[in-house]
Amino acid sequence: MSKVLPRKDVVVVGLGWTGSIVSHQLAEAGLDVVAIERGPWRDTATDFNVGYMPDELRYAIRRDLFLQARAEAITVRNNTGQDALPMRNYIGFLPGNGVGGAGVHWNGQTWRFYDSDFELKSHLTDKYGADRIKDLQIQDWGVTGAEMDGYYDRFEKLAGISGKAGNIKGEIQPGGNPFESARSDEYPLPPMQMTYGPSLFADITGKMGLHPFPSPSANLSKNYVNPLGIAMGQCTYCGFCERFGCANYSKASAQTTVLPALMRMPNFEARTQCEVLKVEVPKGAEMARGVTYIDSTGEEYFQPADIVVICAYQLFNVRLMLLSGIGKPYDPQSGEGTVGRNYCYQTNAGTRLYFEDDKKFNPFIAAGALGQTCDDYNGDSFDHSDLDFVGGAGINCIPSNGRPIETRPTPPGTPKWGAEWKKATRDTYQSSLAFGAQGSSYATRGNYLDLDPTYKDNYGRPLLRMTFDFPDNDLRMSHYVSDRMEEIAKASGAKQYTVSRQKKGWNSAIYQSTHNTGGAIMGTDPTTSALNPYLQSWDVHNVFVVGASAFPQNAGKNPTGTVGALAFRAADAIRDQYLKAPGAPLVKA
Amino acid sequence: MKRLLSLALAASALVAATPGFAEELANQVMNGRYQAILGDCSGCHTVSGGKYLAGGEALVTPFGKLVPPNITPDKATGIGNWSYQDFRNAMTRGVGHDGKHLYPAMPYPNYSMIPDRDLKDLWTYLKTVTPVDRKVVANQLPFPFNQRVVMRGWNMINFTPKTFKADPDKSPEWNRGAYIVQGPGHCSACHSPKTLLGADKSSGAYTGAELQGWYAPNITGAKRRGIGDWSEDQIVRYLKTGTDGKTTASGPMAEAVTNSTSKMTDADLKSIAVYIKSLPASEPAAPKPLAADDARMTAGAAIYRDNCSACHGAGGEGAKNLFPALKGDAVLMQDSVAVPARAVLFGSKGAQTAAAPTRPGMPALGWRLNDTQVADVLSYVRNSWGNAGAPVAASDVATVRKQGR
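All values reported here derive from a predicted model rather than from experimental measurement. (Residues numbered from 1 in each chain as written. Chains lettered and ligands numbered in written order. Predicted model: local features only at pLDDT ≥ 70, side-chain atom pairs only at ≥ 80, totals over all residues. Heavy atoms only, no water.)

Some details on the overall build of chain B
Line of reasoning, step 1. Along the backbone of chain B there are 17 helices and 7 strands.
Line of reasoning, step 2. Against the 2.2 N^0.38 benchmark of 22 Å for 405 residues, chain B shows a C-alpha radius of gyration of 22 Å, consistent with a compact globule.
Line of reasoning, step 3. The principal-axis extent of the C-alpha atoms belonging to chain B is close to 75 × 45 × 45 Å.
Line of reasoning, step 4. Taking the intrachain contacts of chain B between residues at least 6 apart in sequence as the baseline, contacts between residues at least 24 apart amount to 62%.
Line of reasoning, step 5. In the form shown here, chain B has an accessible surface area of approximately 18,900 Å², with 57% of it arising from carbon and sulfur atoms.
Line of reasoning, step 6. The centroid of the 44 positive side-chain charges in chain B is displaced by 4 Å from the centroid of its 33 negative side-chain charges. (Helix = DSSP H or I, 4+ residues; strand = E, 2+ residues; numbered from the N terminus. Rg over C-alpha atoms; globule rule 2.2 N^0.38 Å. Contact = heavy atoms within 4.5 Å. Areas by Shrake-Rupley, 256 points an atom, 1.4 Å probe, with all protein chains shown as cover. Lys, Arg positive; Asp, Glu negative; His and termini not counted. Charge placed at Lys NZ, Arg CZ, Asp CG, Glu CD.)

Considerations on the overall build of chain A
Line of reasoning, step 1. In terms of regular secondary structure, chain A is built from 13 helices and 24 strands.
Line of reasoning, step 2. Compactness check: chain A gives a C-alpha radius of gyration of 23 Å against a globular reference of 25 Å for 589 residues, within 12% of the reference.
Line of reasoning, step 3. Along the first, second and third principal axes, the C-alpha set of chain A runs to 70 × 55 × 50 Å.
Line of reasoning, step 4. The proportion of buried residues among the 589 residues of chain A is 64%.
Line of reasoning, step 5. Put simply, 74% of the contacts in chain A that link residues at least 6 apart link residues at least 24 apart.
Line of reasoning, step 6. When the accessible surface of chain A is split by element, carbon and sulfur atoms take 49% of a total near 21,000 Å².
Line of reasoning, step 7. Charge separation in chain A, taken as the distance between the mean sites of 58 positive and 63 negative side-chain charges, equals 4 Å. (Buried < 20%, exposed > 50% of the residue type's maximum accessible area, 1.4 Å probe, protein only.)

A closer look at the interface of chain A and chain B
Line of reasoning, step 1. Between chain A and chain B, the residue contacts involve 21 residues of the former and 25 residues of the latter.
Line of reasoning, step 2. Taking both partners together, chain A and chain B bury about 1,600 Å²; carbon and sulfur atoms supply 60% of that area.
Line of reasoning, step 3. One can count 1 salt bridge joining chain A with chain B.
Line of reasoning, step 4. We note a salt bridge from D43 of chain A to K349 of chain B, for which the minimum N-O separation is 3.1 Å. (Buried area = accessible area lost by both parts, 1.4 Å probe. Salt bridge = Lys/Arg side-chain N within 4 Å of Asp/Glu carboxyl O.)

Some remarks on the pattern of salt bridges
Residue and element names in this part refer to chain B.
Line of reasoning, step 1. In the structure shown here, the tally under the stated rule is 44 salt bridges over all chains.
Line of reasoning, step 2. With a shortest N-O distance of 3.9 Å, K270 and E232 are connected by a salt bridge. Remark: E232 occurs in helix 10 (residues 232-241) and K270 occurs in helix 12 (residues 266-278); sequence separation between them is 38 residues.
Line of reasoning, step 3. Between D266 and K240 there is a salt bridge, with the nearest N and O atoms lying 2.8 Å from each other.

Side note on the nonpolar core
Line of reasoning, step 1. In this structure, I74, V279, V309, L315 and M466 of chain A are the most contacted members of the largest nonpolar core, which totals 109 residues.
Line of reasoning, step 2. In this structure, V279 of chain A is in contact with A288, G290, V291, V308, I310, L320, S324, I326 and V543 of chain A, ignoring residues within four places of it in sequence.
Line of reasoning, step 3. Counting residues in each nonpolar core, the second largest holds 55 residues, with I79, M91, W123 and V129 of chain B among its members. (Core = buried A, V, L, I, M, F, W, Y, C linked by side-chain atoms within 4.5 Å.)

Things to note about a nonpolar patch on the surface
Line of reasoning, step 1. Taken together, the side chains of L57, I61 and I405 of chain A present a nonpolar region at the surface, about 220 Å² in accessible area.
Line of reasoning, step 2. One can find L57 of chain A in helix 3 (residues 56-61). (Patch = residues over 30% accessible without salt bridge, like charges linked within 9 Å, V, L, I, M, F, W, Y side chains within 5 Å.)

Considering the packing of helix 10 of chain B against helix 12 of chain B
Residues and elements named next belong to chain B.
Line of reasoning, step 1. Here helix 10 crosses helix 12 at 125°, and the two axes come no closer than 9 Å. It follows from the interaxial angle that helix 10 and helix 12 lie oblique. The way helix 10 lies across helix 12 gives a crossing that is right-handed. Contact with helix 10, carried on its side by E232, I235, V236, L239 and K240, involves D266, L269, K270, I272, A273, V274, I276 and K277 of helix 12 and no other residues of that element.
Line of reasoning, step 2. A class-by-class count of the residues in the contact of helix 10 with helix 12 yields 8 nonpolar, no polar and 5 charged. (Axes fitted to C-alpha atoms, helices over the stretch in contact; angles between N-to-C directions. Parallel < 35°, antiparallel > 145°, perpendicular 65-115°, else oblique. Left-handed = near helix turned anticlockwise from the far one by under 90°. Nonpolar A, V, L, I, M, F, W, Y, C, P; charged D, E, K, R; others polar.)

Structural notes on helix 12 (residues 472-491) of chain A
All names here are of chain A.
Line of reasoning, step 1. In this model, helix 12 (20 residues) spans 29 Å end to end at C-alpha, consistent with the 28 Å of a helix rising 1.5 Å per residue.
Line of reasoning, step 2. Every buried residue of helix 12 is accounted for by N473, D474, L475, M477, S478, V481, S482, R484, M485, I488 and A489.
Line of reasoning, step 3. Close packing links the buried residues of helix 12 with helix 7 (196-207), strand 16 (347-354), strand 18 (393-397), strand 19 (432-439) and strand 22 (496-499). (Expected span 1.5 Å × (residues − 1).)

Considerations on the pairing of strand 16 of chain A
All names here are of chain A.
Line of reasoning, step 1. Burial within strand 16 is extensive, with 6 of its 8 residues counted as buried.
Line of reasoning, step 2. As defined by bridge partners, strand 16 adjoins strand 19 across 8 bridges and the pair is classed as antiparallel. Note that in strand 19 the partner of T347 across the bridge is G439.
Line of reasoning, step 3. Pairing of strand 16 with strand 22 involves 4 bridges; the strand directions are antiparallel. Counted as the bridge partner of Y354 is Q496 from strand 22. (Pairing = 2+ DSSP bridges.)

Laid out in structure tokens, this is it:
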């Protein structure tokens, strides 16, 4: 029997990027907000102490800050013909845990999607015909890029993003990305200072006629005070971003941009080490009553609330909806149902150049988003008329670190161990440079999420089951971009190079990306989307679900910028529309 | 603001019959509340995170432990049974409800300057505070100091009740600042050196003093150790937000900013700035800085580079509102290294205010730097970028480490 707590206006599930932004926006509107977070409280000075934060073994290898499979695993398989098995360890992707979520240990690459990405189905159908995308389950988002601009802008200013705009109100800006969709304002900070590797990459690709530009970065190029009055420090280029918390207040996260203001608000409360088990929705009802959660002592509570905002990691947003009976589970056989639909990922490939000894890249001078990008082959930047795929990839030269355990590049033909290997790692460390293609991932009928029929968690709840493999379209896209990378490699003058090629049979035991998307997608049609364009559940009207789970498909870009923008959009919708008529759907089904 | 209104409303409800009187009472409550801010009552009488004015954390004095009592209007454990006269006696004469002498950790020598009208309003306000049933054993001193009667002798030597005398040659602003600093603000309680008996020394007022393992720095017009080089705006900003952009309030001052100065009016903060800038500069001449090739400096430079420079900058320049600039920092120039040594050993958190909500934290490094290393890095920062200060000995650091957090 759970203990019933006094009601709140809003309960927010998860206190990462989206939970913090939504909580702050709603608390600012005067609502009583409680955020319930499964993991621990985390704070820069205490938990990301500059004296031990650059500990590669603890954080990068042993993955100290991440969700551990013993707390919650998921089961995976490539297709419905296989039996899914539980991951014993999160390796292929690394969901966060604790306050700040995955936003604590991200690299900081902060993109806007293109206007065409938001209206992808309409755009591609108009341009290339419906036949071209018939094997894919591509959908429009129900929001336009122009509508997203203001939300992107707020997130960029909150986080102090350092970059160079490519297109301000239709005017192409020198030094930025010429393929960028129009934006209303410049980034709040200029790009970071370039290191040698990305500078060389820009030089090579520029000479080839491509359009390199500085990758937008949440590692700050200068000291900054954000609109909430919170101060951040200039990045020190220490190269400990991804998998680490930032000790220097230089990487945007909930801790460095929102929480100091949020935690002082008397109408906000955070409860950490409390795991939400279920959103309570009476059978057939259109309103949730609140959430049931369990604290670290095993005590169970019911927290009544007028509004429930689910802000956990993408996978766990979808799972919580399924466990709570919010929306109809997706069935890949019939193609019906919405929750679990359109799970997407990222289709990546890498290139490594091996130069003569005269090149010294000093890879240890780095930051998670310090680099150069060519978007010439991303999204629909290039004409696909004569190609056999849709989508594309950003080609990024972002040597995010030169940490000693993991940064051991060796040229092809080097033994995997022994004296020769050791010598090669010494000889190659300074003179090797990598870049990669981060490709779009488009939905298919067979890639989806549901509840596992066999495996359960510590509380007896079914685990989430992921069924995923790279769609043929995405592999064709990725191979095309790998060919383009090979052209760059050839032009680089490197004495040797390798170009990887993505292939069928996605493997969860090799790290590829923590850009899991979809499963609780937004859209204008309740039969093909779980959420309306304001991230409100079509089925349970006081439930909003915020995160990359809302992406109908994923672009060839890191998702955090869009996730942050969507958090502002959902919060605005609640503040400005929902509160005027609580319980009503913001869009008529 | 909501809270203020409800207090005012509660007060007016008591006397709902006569609107004029109710308004007057509301004004008294509001003014009384502001007096509680000026006097920073909650700084001592509220436990961090605890119920407002229901008793504070123990004060460790050279004579032993004193615990600030519950001053909510609870009858059993607070001051609910006191009369205004009792309160006035306590505030201005250091004599409590039961006729027992208070210890001067309660700054009645300063509070005795508060005029009757403000004191009455403060009393009116205190009666509107939520009563809390919380028993506090205030006197935890050892014998003979636990004998309150000894305070009679102390008072004879050290205390004459004062009224504030305005200096007609100075501006009203200066006088207002002087009143706040000497009177309710009781700045001398921390910033003035003490006699062996724990009273303010007659000379060297506001030139800095040790207390509770911290060191409250010089706040006179001294250029190197004090605030002589600060602009009035800088001082106002520091008191209002906890940082002037360069340095950051830490330790007990961070609490004073959070609970008291950040809530004062801008006009009062400006007055304080005008007054303290006029305090006679008092500091010894700067010593010759340690030579850059001194072994302590070379060791300190290496430690600084590895542990400190990422935030405080290779040139000690810091980052606005976030990381204190060490170049030219007055706290480093005091005789005592208690504050910087504590920061390095145990870490430190700044004040958090509405205008500067970041509350940056200095991480603890005492677990990875030994006393000699801490001493060397402190010697280095005290003698770099134009700073000049006596070298720090490992034994100084050991003392601070032993005192603990």
